[in-house]
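Topology and contacts: notes
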Amino acid sequence: MNLFDILGPIMVGPSSSHTAGAVRIGSMARALFGQQPKTARLYLHGSFASTGAGHGTYQALIAGLLGLAPDDPDVPNSYALAEQAGMSFSFETRTLRDVHPNSVLITMEAEDGRRMEMGASSLGGGRIEVFSVDGLRTAFSGELPTLLVQNNDQPGCVSRVTAVLAEHNINVATLQLSRGGRGGDAVMVIECDQEVYLSTVDEIRALPGIIQVTRYSLEGAV
Amino acid sequence: MIEFSSIEQMLEDNRVSGLPIWENMMRSDCEQQGIDEETSLAKMNRLLDAMISADASYRAEERSASGLVGGDGGKMMEYMNGGKTLCGDFISDVMAGALRMGECNACMKRIVAAPTAGACGVLPAVLLAYQRHFGAEKEELIRALYVAAGFGMIIANRASISGAEGGCQAEIGSAAAMAAPALVQLMGGTPEQMAHACAMAVKNLLGLVCDPVGGLVEVPCVKRNVIGSMDAVSAAQMAMAGISSRVPPDQVIDAMREVGESLPHTLRETGKGGLAATPFGKKYQPKED
C-alpha cells in the first residue's frame, strides 16, 4: 500500500468495488480476448446482480469491454458507445458457485465466431481477480504481466514453458495450474515480474502440447 | 523513512530529521515505491486537479440512478447565497461542497476516492472552501494532500479504511481524520497539532455504522460527507487552539480498530441494519437478500 492507494484512484463513482472494479473486469475480459467482442453475455452474481443497477455496474462492465478506463467520464454512456461500436450485449442473473459476492461471468464472441468465457470478482478498492477462463479455474489480479497457457495435460509442459521464460530472463512471480480432468485440457497461469514480449509468446505457442497462449500486458490493453 | 504505522513514530522522525511532515511523507513514499519526487508531485497535482474538476462537474438537476439523491448541494448553495445562514460563509461553503461531491459520486461523475468513493466529499470540501475563503497556493494544497494521505495510511495500517471492515467510522471517520491535519497544515500548525487534530476527528465519529439504504452509496453516505467535513473543521480548530486529545493519537486509532471489529455484520456495509433496515430502507433492499 502506498499514499496513492489512500488518496485515489480517480474514478467514476459511485463505488470502487461495484463501479471501478467492474470497469477493470470488463477491460480485463477485452484484453484476454485480444479484441473487442462482437457480442457479450454477462451473468451477474450476488451483490453485482442485486445492487448493480444502483451502482452503475452494468454500464461499468460494458465500458470496460469497450476499452474505457475506470476514470473515463464516458463510463455512464457506455450503452450508447457500444451501439456506435457495433457491440451487442445482454445481462442475466446467475448464481455462480464458490465465488466472491461481487462476481460476473462474461462470454464473448468475435465476428469470426471465436469465443471466450471469463469469470472475475471485484474484491474492493478497485482490485479484481479472474477466477476462471474458459471454465478452467484461475486466480490472478492483472497487477502483473500475466500469461495464460492452455495445454494438453501431459508431462513436461510446465518445464518447457518456464524454460522459455527463463531463457528470456523473465522471472515467474506466481504459477498456478489447473485442469478440467486428468489427461484433458489444463491451464497454467503465470504471473511474471517482467513484460513478456510477443516473440516470446510465439516461442511458447510453438512448443509441443500447447493449445493456446493468452498474454495480458500492463503496457496497455488492446 | 516513515513506516506509516504509528503517529508517534512519525512525530519522532519529524523531530530527528527536521523535515516537515508532508515532505517526510512524500520522501518515504517515493522510497517505498521507487519513484522520484517529481513523479510523486505530478501524481498529487493530478489528484488535486481531478478534485477541482469533479466539483465543477456538479449539476443540481441531476439525480442518482435510484433517484434517492441529487440536488441537495444546489439547495445548500442557494440557501448560502441568501446570506442568512446559521453557520456563516465558510462552514456553509464546506457543507455545500461536501454535498456536491457526494452527489457527483452517486451520479457517476469522475471523482477522487479519498480514502474511498463514498467518503470522497470530505477532503475536497474543506480544502477547496479553505482556499476560497482564506487563500492558498496550489502548492500548499498539495502539501496538505500529502499530510492527509500520510495520516490516512497510518489509519489504514493500524485500523481500516473500509466500511465493510470497520463501519462508516473507517470511511467518513478516516476522511475526517485525514482532512483535519490537512487543515492544520494549511493553517501553519505544528506536527503535534496535526496529530491531535487527526485523533480528535477519529474520536468524534468513533462507532459510526455503515448502513446504506439498498446497499447503495447514497443514503446516508452523501450527508455523512457533510458531518465528516464538520468533524474535520472542528478538530482542526480545536487543535489550533491548543486543545489536545487526552487519549494519545495511536491509541485512538487502535480503539477505532477494536470498535470496528466489534460492530455486527449488519452494520458493516451489508445494507441489512440501521437506516437500511428501517421501513423506508427496506423498500430499497435488494430482492435477493
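In this report, the structure presented in the accompanying data block is examined.

The rules behind the values
Residues numbered from 1 in each chain as written. Chains lettered and ligands numbered in written order. Predicted model: local features only at pLDDT ≥ 70, side-chain atom pairs only at ≥ 80, totals over all residues. Heavy atoms only, no water. Helix = DSSP H or I, 4+ residues; strand = E, 2+ residues; numbered from the N terminus. Rg over C-alpha atoms; globule rule 2.2 N^0.38 Å. Buried < 20%, exposed > 50% of the residue type's maximum accessible area, 1.4 Å probe, protein only. Contact = heavy atoms within 4.5 Å. Areas by Shrake-Rupley, 256 points an atom, 1.4 Å probe, with all protein chains shown as cover. Pairing = 2+ DSSP bridges. Axes fitted to C-alpha atoms, helices over the stretch in contact; angles between N-to-C directions. Salt bridge = Lys/Arg side-chain N within 4 Å of Asp/Glu carboxyl O. Buried area = accessible area lost by both parts, 1.4 Å probe. Polar contact = N/O pair within 3.5 Å; in protein donor to acceptor, adjacent residues only side chain to side chain. Nonpolar A, V, L, I, M, F, W, Y, C, P; charged D, E, K, R; others polar. Core = buried A, V, L, I, M, F, W, Y, C linked by side-chain atoms within 4.5 Å.

**Observations concerning the overall build of chain B**
From N to C terminus, chain B includes 13 helices and 1 strand. The order of helices and strands in chain B, counted from the N terminus, is α-α-α-α-α-β-α-α-α-α-α-α-α-α. Rg of the C-alpha trace for chain B: 18 Å, near the compact-globule value of 19 Å for 289 residues, within the 12% margin. Per-residue burial for chain B yields a buried fraction of 60% across its 289 residues. Residue pairs in contact within chain B that sit at least 24 positions apart in sequence constitute 74% of those at least 6 positions apart. When the accessible surface of chain B is summed, it comes to about 11,600 Å², and 52% of that surface belongs to carbon and sulfur atoms.

**Some words on the sheet that holds strand β9 (residues 172–179) of chain A**
Residues and elements named next belong to chain A. With antiparallel pairing, 4 strands are arranged side by side in an open sheet as β9-β10-β8-β11. For this open sheet the edge positions go to β9 and β11 (210–216), each flanked by a neighbour on one side alone. Strand-to-strand twist of the sheet, defined as the mean angle between neighbouring strand axes without regard to direction, takes the value 15 degrees. Relative to strand β10 (residues 185–192), β9 runs antiparallel, the two sharing 7 bridges. Bridge assignment links S178 to a residue of β10, and that residue is V187.

**Some points on the pattern of salt bridges**
Residues and elements named next belong to chain B. As enumerated under the stated definition, the model contains 20 salt bridges over all chains in all. For E261, the salt bridge goes to R257, with nearest N and O atoms at 3.1 Å. Linking E261 with R257, this pair stays in helix α12 (residues 249–262), spanning 4 residues, or about one helical turn. Salt bridges sharing common partners tie together E8, E12, R15 and E192.

**A look at the interface of chain A and chain B**
The interface is formed by 27 residues belonging to chain A together with 43 residues belonging to chain B. Counting each side, the surface lost to burial between chain A and chain B is near 2,700 Å², with a carbon and sulfur contribution of 70%. The three residues of chain A that bury the most area against chain B are L3(A), F4(A) and L7(A), which together make up 28% of that side's buried surface. A salt bridge links R110(B) to D71(A); the shortest N-O distance between them is 3.5 Å. Counting across the interface, chain A meets chain B through 10 residue pairs in polar contact (both at pLDDT 80 or more). Contributing elements (two or more residues each) for the side of chain A that touches chain B: α1 (3–6), β1 (10–12), α2 (16–33) and α3 (46–55) of chain A. Sorting elements by how many residues they give to the side of chain A that touches chain B places α3(A) first, with 6 residues. In terms of residue class, the side of chain A that touches chain B is built from 14 nonpolar, 12 polar and 1 charged. With 3 bridges connecting them, β1(A) and strand β1 (residues 110–112) of chain B associate as antiparallel partners. Within β1(B), the residue paired with V12(A) across the bridge is R110(B).

**Quick notes on the nonpolar core**
Membership of the largest hydrophobic core comes to 95 residues, with the highest contact counts inside it found for L7(A), I7(B), M10(B), M44(B), L123(B), L127(B) and I155(B). In contact with I155(B), other than residues within four places in its own chain, are S160(B), I161(B), S174(B), A177(B), C198(B), V202(B), I253(B) and M256(B). By size, the runner-up hydrophobic cluster in this structure holds 42 residues, among which are Y58(A), A63(A), L66(A) and L148(A).

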